[in-house]
Amino acid sequence: MRYLPLTEPDRNEMLRTIGAASVEELFVDVPEGARLSGKIEGLPDHASELAVERELGAMARRNLVAGEAPFFLGCGAYRHHIPASVDHLIQRGEFLTSYTPYQPEIAQGTLQALFEFQTQVARLYGCDVANASMYDGSTACWEAIGMARRITRRGKAILSSGLHPHYVLVAKTMARFTGDRLETRLPELTPEPDTAALIEAIDQETSCVVVQYPDILGRIGDLSELAERCHGAGALLVVVVTEPVALGAIRSPGEMGADIVVGEGQSIGVGLNFGGPYVGLFATRDKYVRQMPGRLAGETVDAEGKRGFVLTLSTREQHIRREKATSNICTNSGLCALAFSIHMTLLGEKGLRQLADANRYMALEAAERLSRLPGVELVNETFFNEFTLRLPREARPVVRTMAERGVLGGVSLGRLYPGEASLENGLVVAVTETVTHGDIAALAAALGEILA
Amino acid sequence: MGSGESAGGTGTFTGNRALMLEEPLIFEIGDSSTTGVDFDILPGTGRGTAGTAVEGGERSEHGEAGPLHQPAAGPPPRSGEDKLGGLQRRRPIGLPGLSEPQAVRHYTRLSRQNYAIDLGLFPLGSCTMKHNPRLCEKVARMPGFADIHPLQPADTVQGAFQLIHKLGEWLIRLTGMHSVAMSPKAGAHGELCGLLAIRAALEARGDAREVILVPESAHGTNPATAAFVGYRVESIPANERGRVDLEALKGRLGPDVAAVMITNPNTCGLFEPDMIEISEAVHAAGGLVYCDGANFNAIVGRVKPGDLGIDAMHINLHKTFSTPHGGGGPGAGPVVFSEALTPFAPLPFVEKQGDQFALVEEETAGEHHGSSFGRMVAFHGQMGMFTRALAYILSHGADGLRQVSGDAVLNANYILRALDGLLDAPFGHSGPCMHEALFSDKGFGEGLTTLDLAKGLIDEGFHPMTMYFPLVVHGAMLVEPTETESKATLDQFIGAFRSLAERAKAGDQSLKAAPVHAPRRRLDETQAARKPVLVWKEPAEAEAAE
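Residues numbered from 1 in each chain as written. Chains lettered and ligands numbered in written order. Predicted model: local features only at pLDDT ≥ 70, side-chain atom pairs only at ≥ 80, totals over all residues.

### A few points about the overall build of chain B
To keep it simple, the criterion reads: Helix and strand assignments follow DSSP, with helices taken as H or I runs no shorter than four residues and strands as E runs no shorter than two, numbered in order from the N terminus. Here a residue counts as buried when 20 or more other C-beta atoms fall within 10 Å of its C-beta, as exposed when 12 or fewer do, and as partly exposed in between; the C-beta atoms come from the backbone. The contact criterion used here is simple: two residues whose C-beta atoms, placed from the backbone, lie within 7 Å are in contact.
Looking only at helices and strands, chain B features 15 helices and twelve strands. Considering only C-alpha atoms, chain B reaches an extent of 80 × 70 × 45 Å along its principal axes. A buried classification covers 58% of the 546 residues belonging to chain B. For chain B, contacts bridging at least 24 residues in sequence account for 72% of all contacts bridging at least 6.

### Considerations on the overall build of chain A
Quick reminder of the rule: It is over C-alpha atoms that the radius of gyration is taken, and the globule rule equals 2.2 Å times the number of residues to the power 0.38.
In terms of helices and strands, chain A carries 14 helices and 13 strands. For chain A, the C-alpha radius of gyration of 25 Å lies close to 22 Å, the compact-globule estimate for 452 residues. With the C-alpha coordinates aligned to their principal axes, the bounding extent of chain A is approximately 80 × 55 × 50 Å. Partitioning the contacts of chain A with sequence separation of at least 6, the portion at a separation of at least 24 is 74%.

### Let's talk about the nonpolar core
As a rule of thumb, soluble globular proteins bury nonpolar side chains together. How we decide: Take the buried Ala, Val, Leu, Ile, Met, Phe, Trp, Tyr and Cys residues, join any whose C-beta atoms are within 7 Å, and the set you get is a nonpolar core.
The biggest cluster of nonpolar side chains holds 327 residues, and the ones touching the most others in it are Cys141, Val209, Val210, Leu237 and Val238 of chain A together with Ala197 of chain B. When residues no more than four places from it in sequence are discounted, the contact partners of Leu237 of chain A are Cys208, Val209, Leu223, Leu226, Ala227, Cys230, Gly257, Ala258 and Asp259 of chain A.

### Observations regarding the pairing of strand β2 (residues 156-159) of chain A
All names here are of chain A. What counts, and what does not: Paired strands, in this sense, are two strands between which DSSP finds at least two bridges. Whether a crossover is right-handed comes down to one check: with the strands pointing away from the viewer, does the path from the first strand over the helix to the second run clockwise; if it does, it is right-handed.
Sheet topology note: the β2/strand β4 (residues 206-212) ladder contains four bridges and is parallel. Looking at β4, one finds that Ile158 is bridged to Val209. By the bridge criterion, three bridges tie β2 to strand β3 (residues 181-183) in an arrangement that is parallel. Looking at the pairing, Ile158 lines up with Glu183 of β3. The parallel pair β2 and β3, bridged by helix α7 (residues 165-178), forms a crossover whose chirality is right-handed.

### Quick notes on the interface of chain B and chain A
Let me state the cut-off plainly: Residues were grouped as follows: Ala, Val, Leu, Ile, Met, Phe, Trp, Tyr, Cys and Pro as nonpolar; Asp, Glu, Lys and Arg as charged; and all remaining residues, including Gly, as polar.
Contacts between chain B and chain A engage 186 residues on the former and 173 residues on the latter. Take the side of chain B that touches chain A: its biggest share by element is 23 residues, from helix α11 (residues 383-419) of chain B. Class assignment of the residues belonging to the side of chain B that touches chain A gives a composition of 92 nonpolar, 64 polar and 30 charged.

### Digging into the packing of helix α6 (residues 137-152) of chain A against α7 of chain A
Residue and element names in this part refer to chain A. For clarity, the cut-off: All axes are obtained by fitting lines to C-alpha atoms, using only the stretch in contact for helices, and the reported angles, taken between N-to-C directions, cover 0 to 180 degrees. Roughly parallel covers angles under 35 degrees, roughly antiparallel covers those over 145, roughly perpendicular covers 65 to 115, and oblique covers all other angles. For a crossing to be left-handed, the near helix must be turned anticlockwise from the far one by less than a right angle; the clockwise case is right-handed.
In contact at an axis separation of 9 Å, α6 and α7 are set at 50° when each is read in the N-to-C sense. Here α6 lies oblique to α7, going by the angle between them. By crossing handedness, the relation of α6 to α7 is classed as right-handed. Listed contacts from α7 to Gly137, Ser138, Thr139, Cys141, Trp142 and Ile145 of α6 are His166, Tyr167, Val170, Ala171 and Met174. Across the contact of α6 with α7, the residue classes break down as seven nonpolar, four polar and no charged.

### Points about the sheet that holds strand β12 (residues 411-412) of chain A
Residues and elements named next belong to chain A. Taken in spatial order, the four strands make up an open sheet running β10-β11-β13-β12, and their pairing is antiparallel. One side of each edge strand has no neighbouring strand; the edge strands of this open sheet are β10 (377-378) and β12. The sheet contact formed by strand β11 (residues 386-390) and strand β13 (residues 426-430) spans five bridges and is antiparallel. In the strand pairing of β13, Thr388 is matched with Val428. Along the sheet, helix α11 (residues 334-371) makes contact with β10, β11 and β13, crossing β11 at roughly 5°.

### What to know about the environment of Leu270 of chain B
With respect to the helices and strands, the residue Leu270 of chain B is situated in the loop between β4 (257-263) and α9 (275-284). Classification of Leu270 of chain B by C-beta neighbours within 10 Å gives buried; the count is 25. Taking the C-alpha atoms as reference points, Leu270 of chain B and Gly428 of chain B, 158 residues apart in sequence, are found 9.9 Å from one another. Apart from residues lying up to four places away in sequence, Leu270 of chain B is in contact with Asp29 of chain A together with Gly242, Arg243, Pro265, Phe427, Cys433 and Met434 of chain B.

### Topic: unusual backbone geometry
Omega for the bond connecting Asn264 of chain B with Pro265 of chain B falls within 30 degrees of zero, at -5°, which places this linkage in the cis form. Tracing the backbone shows Pro265 of chain B in the loop between β4 and α9. Following Ala514 of chain B, the chain continues into Pro515 of chain B via a peptide bond in cis, with omega recorded as 0°. Here Pro515 of chain B lies in the loop between α13 (487-505) and α14 (525-530). In this structure, Cys75 of chain A takes a positive phi of about 55° despite not being glycine. By secondary structure assignment, the location of Cys75 of chain A is in the loop between α2 (49-60) and α3 (84-90). With 27 C-beta atoms counted inside 10 Å, the residue Cys75 of chain A sits in the buried group. Even without a glycine there, the phi angle at Ser126 of chain B is positive, about 75°. The residue Ser126 of chain B is located in the loop between α2 (100-111) and α3 (134-140) in this model. Taking the number of C-beta atoms within 10 Å as the measure of exposure, Ser126 of chain B has 23 and is therefore buried.

### A few points about the environment of Glu225 of chain A
All names here are of chain A. Note on placement: Glu225 falls in helix α9 (residues 224-232). With 14 C-beta atoms packed within 10 Å, Glu225 lands in the partly exposed category. For the pair formed by Glu225 and Glu105, sequence separation is 120 residues and the distance between their alpha carbons is 47 Å.

### Details of the pairing of strand β6 (residues 260-264) of chain A
Residue and element names in this part refer to chain A. Among the five residues that make up β6, five are buried, leaving the element largely enclosed by the rest of the structure. What you see with β6 is no split at all: Ile260, Val262 and Glu264 on one side and Val261 and Gly263 on the other are buried throughout. Pairing between β6 and strand β7 (residues 280-284): five bridges, direction antiparallel. Along β7, the bridge assignment pairs Val262 with Phe282.

### Overview of helix α14 (residues 437-451) of chain A
Residue and element names in this part refer to chain A. Where we set the bar: Helix span is expected to be 1.5 Å times the residue number reduced by one. The directions from the helix axis to the C-beta atoms are what the arc is built from.
The end-to-end C-alpha distance of α14 is 21 Å, a good match for the 21 Å that 15 residues give at a rise of 1.5 Å each. What α14 keeps buried is the set Ile440, Ala442, Leu443, Ala446 and Leu447. End-on view of α14: buried residues confined to an arc of 160°, all on one side of the axis. Projecting away from the buried face of α14 at angles above 90 degrees are the exposed residues Gly438 and Glu449. Buried-residue contacts for α14 involve α11 and α12 (395-404).

### What about the confidence of the model for chain B?
All names here are of chain B. The test is simple: Confidence scores per residue from the predictor, reported as pLDDT, run from 0 to 100.
Mean pLDDT over chain B stands at 91; residues scoring 70 or higher make up 90%. Counted against residues more than four places away or in other chains, residues 1-8, with its pLDDT under 50, gives 20 contacts. Of the two predicted TM-score estimates for the complex, the pTM is 0.95 and the ipTM is 0.97.

Structure representation (structure tokens):
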């Protein structure tokens, strides 16, 4: 067995040192009735690399690969080109096979990279500070709601109708058990996001308003007034960003007054991976740092006065504070955060803005082309790289039929909001720099034919 | 700070020492006009993709003086409007870029300041740092797994569902449990999943309880998770053999106790021999049993948790099934459930329906899974970890996985017995340990601590063991070698550990200076916490903030 270096003579010699007759003897504490005397029956034995590759390769080939089809899916996960060096660097064994940097003298690589990551995220979001990552956007969103409760000591959160429905469901699951009250509503196929309704809903019990930017339908709204109204009522504004590339083109949430900004970082450096692992981003104001969940890297000096980095403010965390911690999170998304950071370093501000432009130009072209199809209407007044179309009939079967023709044409709102008649004709189309003019033509042709 | 400033006695102009290379921050070497990524000329437009206007001459909100992004001439293709609703990002963002060679060098240099499993023994107790096979990396990167979207129509991702289902089946078979939830993102998220199911089950029977019992040796995530779900946490003591005090536990059980959370093997590296009796007592009192499966590596293929009366247990795929730790994640924490808890398991999950695989979500759950506590994460879990874990599991097979736990336990006992004559092993008298050996700092000379021994190990070329955990042992040193270490490596480690223990016992104060050969000497953690510097600022701005 190729991953096990001990030889039979090694084992025997070691058993002699221990004073045990057999390895089985070392399991003496396992109740005899439950102790297995041999391998578990009915499962296959060990296999060669070749055999494993063959078996898993066969499964992989059953899937329609995004890169091999005209591809327009978004809604919280986006397909972008990732420079080859990103994947090479995160596979350096010193990054890939290291642990959480608990021994900083021999983990400066990870710690410095996290410090750089935190700074990049804070700047992208327009916030003072960011943490070293969360699991993903949806869990980061719930953590933000919990943090707002701790800061304001209020228990009612108002969730925008434009917040990703999975994020809403995660919050609902948690709120059921924590006693938080959530105000939620369904989105409407209107040109503008629901900012006005959110402002209307704020009251003295509101801990926070949670709004997605751009929202689930791709719409973009100015959040400045919403932020002011929140602050006026003693509530916080939590902004969720599921497509970080958008922030290369549009104003940052922090600039508009957001108190906590969270989101999904998958777009930068991580890849689709069928939904995970992804990387949750989490940023806030300096004054709220001690209420923040998750790990933080901070700068310090060593015994010789050299600059170095350590994990810090860990008195917020579970391994120190146990039941009084700000969150139960332990393992986060370190390697995905590194991938994000490397990709962002390769882009730099110039590249990020160019990437954002490439996305929105292709999206503008696609929106124009698709909204010319008979019966198809562009819902959005505003969008970045994702917009919603109202089809003349239910979108979900249309998406399936397009897939049968080899076109992955978007996400139907019926998939995200099953059973909601008012949304069933909606199709959300994401257009990134990976989309070609030919892809847009293929989508237009497929959609046109199916709707004809 | 440039690398040249920190010569610190090395006597070189650069501050570097041969292969030990200092590396500044990206903010000190990059600027906002450099990029390491080229973009295509947009076909049909005859020009490149630059173009978001920035207000000229304005300084960044972060104070960079670097050249601003230059807008390209011309409007976007065809449409005259930008559709951004007047929200164009005008102010500089302050994100430095590096050319590709600079970036590759930056991160390669950083990587070399890390210790890693690829470099040597990494015996962090309870963390299971074992070899990460590269086959798993290769498989995870197959386009059929890496380049598919979580919301693709089910017919286009049958192979992905098949993989999730197959891994789930293995986990159920290996644990002897009834069902599995694949979506939890990490161990602590798995604990959350288990407790949510327990709470949903108790509420369904109209018996919401409020207390979770946790042994004092538990991982910090256990009480933190219980509190996160709104439970009150009470601690139960250990006995002199390092196990749960059964009588104390029984004495505390009652109608207010929702569940106990037991780590088994526990964080002292010991199997809980009374586990069946514990489960029976908890069930008799109307509670449920959560098992923290962080240490499943010690028992995989040797005992099925399902035979011990457990109702829910998370499995850290990044421990037992060797998906890489990646400097702190991503992990994956699938949870296996007993029959009693299965109806309350989360959404979504993959189900085999005839020849097809279906994803059961909120829409279809009503038919047969209406009691589910709901969704705990967007999409369906850590696919990239599932592919790696399944590649690892298939490589080992049923016979290999049994050998894994056997060798892991053998290695740990070898270390325990090689050192327990010299070091205090508080539970060494009670019989063999499981996958990790626990020592205390008893007998160390004046002023010398576990921390000093740990830092000494760094100079010897090893990653230290887990320190000061579990809390039930003074100056705890928890050593988990795992099964992927050879006897030669263990012998060298034991030699180094013995030498350091002898120095500590002899009161050798020079250990206080360790490490002296690492990229950094001991770091000032107190200063880091007292005056937190969590993001980089321009020197002028940082000074102004003083």
